[in-house]
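Chains, contacts and geometry: an overview
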Amino acid sequence: MMISENMTREQKIDLLKLCDAKTASQTETALQKMTFSAIQEEILVAILNGVQTVIGCGANQSGKSTLGGVLFAVLTTGIIPDSIKQRVTAPLRPRGDYLSLALDFTSSYAISQQKVFSLLPPRMLNHFSKEYRIATTQTGSTVMFKSVDSGWEKIQGFIFDGVWVDEEPKDVMIWKETSMRTIARSGFRMMTFSPLQGL
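My aim in this report is to walk through the structure given alongside it, one point at a time. The structure displayed is predicted, hence computed values, not measured ones.

The subject of this paragraph is helix α2 (residues 38-48). If you check which residues of α2 are buried, you get Q40, E41, I43, L44, V45, I47 and L48. Its buried side turned inward, α2 meets β1 (53-57), α3 (64-77) and β7 (188-193). In the stretch just after α2, G50 is the one whose phi turns positive, near 110°.

Structure (structure tokens):
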């Protein structure tokens, strides 16, 4: 579809509306239509079926952060991608409180938050507090976006159904504190990272 000089203003507006509708439709179904690499699929299915601790280690640009985005989009909406739906045997409860931790504010905003929001159907996002960096979905779920560089103390007192740590924190107290934050609800912890510092 192209806009030409011969079109009236109304025709151009109608064409742009049609393009916007097509884009919105694709965004609404992006999560449901996703497919995964074999390792991404195994990790997603494991967590959705109740595994409590998963560490996803891989090269740069291998889809580790996408994995976190997919997981949080699934858990906060209840929408399971068609490609893994038959392998998810545990009941999915699309209502929970989740924490996304990245190394710094920039990574949290530009990577983790964008991965989640790019897969969350727009109709499912109820509210996003820029001040507290908490997204609330139509199911009542929340995702809090924090950064490791603000310190492990910033997550004390919270209770989460699941935590995703994107990239390996230098301070081991972060990983220990995520355990404390998920105990009350028997929640999961997932870390995705490239082993830049060795294993």
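Turning next to the pairing of strand β5 (residues 142-147). Most of β5 is tucked away: five of the six residues are buried. Two strands pair when backbone bridges link them, and strand β2 (residues 97-102) and β5 are joined in this way by six bridges, in the parallel orientation. The residue bridging L101 from the neighbouring strand is K146, located in β5. In the sheet, strand β4 (residues 134-137) pairs with β5 via three bridges, with the strands oriented antiparallel.

What follows deals with the pattern of salt bridges. Throughout the structure, instances matching the rule amount to eight salt bridges. Here R93 ties to D161 by a salt bridge, and the two come within 3.1 Å at their closest N and O atoms. Here the residue R93 occupies a position in the loop between α3 and β2, and D161 occupies one in the loop between β5 and β6 (162-166), the gap between them amounting to 68 residues. Judged by relative accessible area, which is 9%, D161 ranks as buried. Through salt bridges with shared partners, one network takes in R93, R95, D97, D161 and R185.

What follows is about the pairing of strand β3 (residues 125-129). Bridge analysis of β3 against β4 gives four bridges, and the strand direction is antiparallel. Bridge pairing in β4 places H127 opposite T136. Counting the residues between successive antiparallel strands, the hairpin from β3 to β4 contains four residues, one of them, R133, with a positive phi of roughly 55°.

Looking now at the packing of α2 against α3. Viewed as axis vectors pointing N to C, α2 and α3 meet at an angle of 35°, and their least axial separation amounts to 11 Å. As for the relative orientation of α2 and α3, their crossing is right-handed in sense. Packed against α2, whose contacting residues are Q40, I43, L44, I47 and L48, the element α3 presents T66, L67, V70, L71, V74 and L75 at the interface. Its residues placed into classes, the contact of α2 with α3 shows nine nonpolar, two polar and no charged.

Here S108 shows up in helix α4 (residues 105-119). Contacts of S108, omitting those with residues within four sequence positions, involve A102, Q113, R133, F145 and K146.

Another point: the nonpolar core. Residues V70, L71, F72, I84, F188 and M190 are the most contacted members of the largest nonpolar core, which totals 29 residues. Among the secondary structure elements, those contributing two or more residues to this core are α2, α3, α4, β5 and β7. Per-element tally for this core: the top contributor is α3, with seven residues. Among all residues touching I84, those that are not within four sequence positions of it are F36, E41, L44, V45 and L48.

Once that is clear, we can look at the sheet that holds β6. Strands sit in the order β1-β7-β6-β2-β5-β4-β3 across an open sheet of seven strands; the sheet is mixed. Only two strands of the sheet have a single neighbouring strand rather than two, namely β1 and β3. Here the strands of the sheet are splayed against their neighbours by 15° on average, with no regard to which way each runs. On the sheet, α3 packs against β1, β2, β4, β5, β6 and β7 and is oriented at approximately 155° with respect to β7. Each of β2, β3, β4, β5 and β6 touches α4; the most contacted strand, β5, lies at about 155° to it.

Rules behind the numbers
Residues numbered from 1 in each chain as written. Predicted model: local features only at pLDDT ≥ 70, side-chain atom pairs only at ≥ 80, totals over all residues. Heavy atoms only, no water. Buried < 20%, exposed > 50% of the residue type's maximum accessible area, 1.4 Å probe, protein only. Helix = DSSP H or I, 4+ residues; strand = E, 2+ residues; numbered from the N terminus. Contact = heavy atoms within 4.5 Å. Pairing = 2+ DSSP bridges. Salt bridge = Lys/Arg side-chain N within 4 Å of Asp/Glu carboxyl O. Axes fitted to C-alpha atoms, helices over the stretch in contact; angles between N-to-C directions. Left-handed = near helix turned anticlockwise from the far one by under 90°. Nonpolar A, V, L, I, M, F, W, Y, C, P; charged D, E, K, R; others polar. Core = buried A, V, L, I, M, F, W, Y, C linked by side-chain atoms within 4.5 Å.

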